[in-house]
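# Report on the structure
These are the residues of each chain, in order.
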Amino acid sequence: MASTTVSRFRELGKKIVAVGRNYKEHAAELGNAVPTKPILFLKPTTSYVTQGQNIKIPPNCKSLHHEVELGIVIGKTGSHITEDRAADHIGGYVLALDMTARDLQDEAKKKGHPWTLAKGFDTSCPIGDLISKDKLPNPENVQLWLKVNGQTKQDGNTKDMIFDIPFLISYISKYFTLEEGDVILTGTPSGVGPVDKGDVIDAGIGDVSSFRFQVE
Ligand SMILES: CC(=O)CC(=O)C(=O)O
Ligand SMILES: [Mg+2]
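Because the structure is a prediction, the values reported are computed rather than measured. Residue positions are given per chain, counted from 1 along the sequence in the order it is written. Each chain gets a letter, beginning with A, and each ligand a number, beginning with 1, in the order they are written. Predicted model: local features are reported for residues with pLDDT of at least 70 only, side-chain atom pairs are reported and counted for 80 or more only, and whole-chain, interface and lining totals are derived from all residues. Hydrogens and water molecules were not included; the side-chain quantities draw on all heavy atoms of the structure.

Further remarks concern the overall build of the protein chain. Counting its regular elements, the protein chain contains six helices and 14 strands. Both definitions apply: the radius of gyration is a C-alpha atom measure, and the globule rule equals 2.2 Å times residues to the power 0.38. Relative to the globule expectation of 17 Å for 216 residues, the C-alpha radius of gyration of the protein chain, 16 Å, shows essentially globular dimensions. For the protein chain, with 216 residues in total, the buried portion stands at 52%. Contacts are assigned to residue pairs with any non-hydrogen atoms lying within 4.5 Å of each other. Here the analysis covers contacts within the protein chain between residues at least 6 apart in sequence; of these, 77% occur between residues at least 24 apart. Shrake-Rupley sampling with a 1.4 Å probe provides the accessible areas, and residues are treated as covered by the protein chains on show and by no other component. As displayed, the protein chain offers around 9900 Å² of accessible surface, 48% of which is attributable to carbon and sulfur atoms. Neither His nor the chain ends contribute to the count of charged residues, in which Lys and Arg are positive and Asp and Glu negative. For charged residues, the charge sits on one atom: NZ in Lys, CZ in Arg, CG in Asp, CD in Glu. Placing the 25 positive and 27 negative side-chain charges of the protein chain at their respective mean positions leaves the two points 3 Å apart. The way it works is that DSSP assigns letters per residue, a run of H or I at least four long becomes a helix, a run of E at least two long becomes a strand, and they are numbered from the N terminus. When a residue's accessible area, from a 1.4 Å probe over protein chains only, is under 20% of the maximum for its type it is buried; when over 50% it is exposed; and in between it is partly exposed.

Right, here's the structure in full:
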């Protein structure tokens, strides 16, 4: 796959597949059980925002939470991908936030409704630039950090993921064809919390990639 093509993942990608509760400590902090198989949901690609654009609080949301995540950018289309072939389908990585209207999500959870509004609203997926595979040779042992107004809120390591990257690609691709440019968000470590109008979020993957977004 040509890296010039994958670098256009935001234009090419058809979907964002997100994994929920992939870190034990995060499941615990929200009082959720540790999953025995991946919990998946979709975010539309209209949720992307890039640096220079702001995060907007969606209507009726009184508790907008930050979730820093490692994203996998798919470089080669495939379905029923085996774990041992998963690496062939990775085009690179990306830093992302899975912004979550926590109160709307809690309301939906209580009623057994989908999380679509809480997770898929416009600006709910701030995203960085493509990270090439050679810049992140060990994606399963990197620090994911996030600060709000300069204060550290999240500082976890991808080695603590419950389901690892090959397993996720294999599992997801049994259900959804993973297409070039699609992004898998691999879940957030603990420390999620609220942000408000005017707050500044800085986040990063170790010292490999970082970005800043403001809440408007
Ligand atoms: C409880 C959640 O919102 C699940 C989620 O998105 C995660 O990253 O974990
Ligand atoms: Mg998340």
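Any N, O or S atom lying within 2.8 Å of the metal counts as a donor, and for Na, K and Ca the limit rises to 3.2 Å; water is left out, so some sites can look incomplete. Distances from the magnesium ion (ligand 2) to its protein donors, Glu67 (OE), Glu69 (OE) and Asp98 (OD), fall within 2.0 to 2.1 Å. Spacing between the donor residues of the magnesium ion (ligand 2) along their common chain follows E-x1-E-x28-D. Note that Glu67 is positioned in the loop between strand S4 (64-66) and strand S5 (68-74) and Asp98 in the loop between strand S6 (90-97) and strand S7 (100-101), a separation of 31 residues in sequence. You can call Asp98 buried: its relative accessible area is 0%.

Right, let's talk about the site of ligand 1 for a bit. The criterion for a residue being near a molecule or strand is simple. One of its heavy atoms has to lie within 4 Å of it. Residues in contact with ligand 1 amount to 14 residues; listed here are only the nearest, Arg21, Glu67, Glu69, Asp98 and Lys119. For the purposes of these results, a polar contact is taken to be a pair of N or O atoms within 3.5 Å, where, inside protein, one atom must be able to donate a hydrogen and its partner to accept one; residues adjacent in sequence count only when each atom of the pair is a side-chain atom. A distance of 2.7 Å is found between an oxygen atom of ligand 1 and a backbone nitrogen or oxygen belonging to Arg21. At 2.7 Å, a side-chain N or O of Lys119 approaches an oxygen atom of ligand 1. Coverage of ligand 1 by the protein chains reaches 100% of its 280 Å² of free accessible surface. Cavity and pocket criteria rest on a 1 Å grid covering protein atoms alone: a 1.4 Å probe that fits but cannot get out defines a cavity, protein on both sides within 12 Å along at least 5 of 7 lines defines an open pocket, and an atom within 4 Å of a point defines a lining residue. Put plainly, a molecule is in a cavity or pocket when over half of its atoms are within 2 Å of the grid points there. With respect to the detected pockets, ligand 1 is housed in the largest cavity. Looking at the shell around ligand 1, the elements with two or more residues in it are strand S1 (16-20) and helix H4 (102-111). When grouped by side-chain class, the residues that make up the shell around ligand 1 number three nonpolar, five polar and six charged. Amino acids are sorted into nonpolar (Ala, Val, Leu, Ile, Met, Phe, Trp, Tyr, Cys and Pro), charged (Asp, Glu, Lys and Arg) and polar (every other residue, Gly among them).

UniProt positions are given in the numbering used here, feature names are shortened, and annotations may be inferred rather than shown by experiment. Per the UniProt record, "domain: Fumarylacetoacetase-like C-terminal" (unreviewed entry) is found at residues 15-215. The annotated region residues 15-215 carries 16% helix and 32% strand content, and the separation between its end C-alpha atoms amounts to 24 Å.

In space, the five strands of this open sheet follow the order S2-S1-S11-S5-S6, with mixed pairing throughout. Strand pairing shows two members of the sheet lacking a second neighbour, strand S2 (39-43) and S6, which therefore form its edges. Averaged over all neighbouring strand pairs, the angle between strand axes comes to 25 degrees, with direction disregarded. DSSP-based pairing: two strands are paired if at least 2 bridges between them are found. Relative to S6, S5 runs antiparallel, the two being bridged by seven bridges. Among the inter-strand pairings, Ile72 is bridged to a residue of S6, identified as Tyr93. Comment: axis = line fitted to C-alpha atoms, over the contacting stretch for helices; angle = value between 0 and 180 degrees taken between N-to-C directions.

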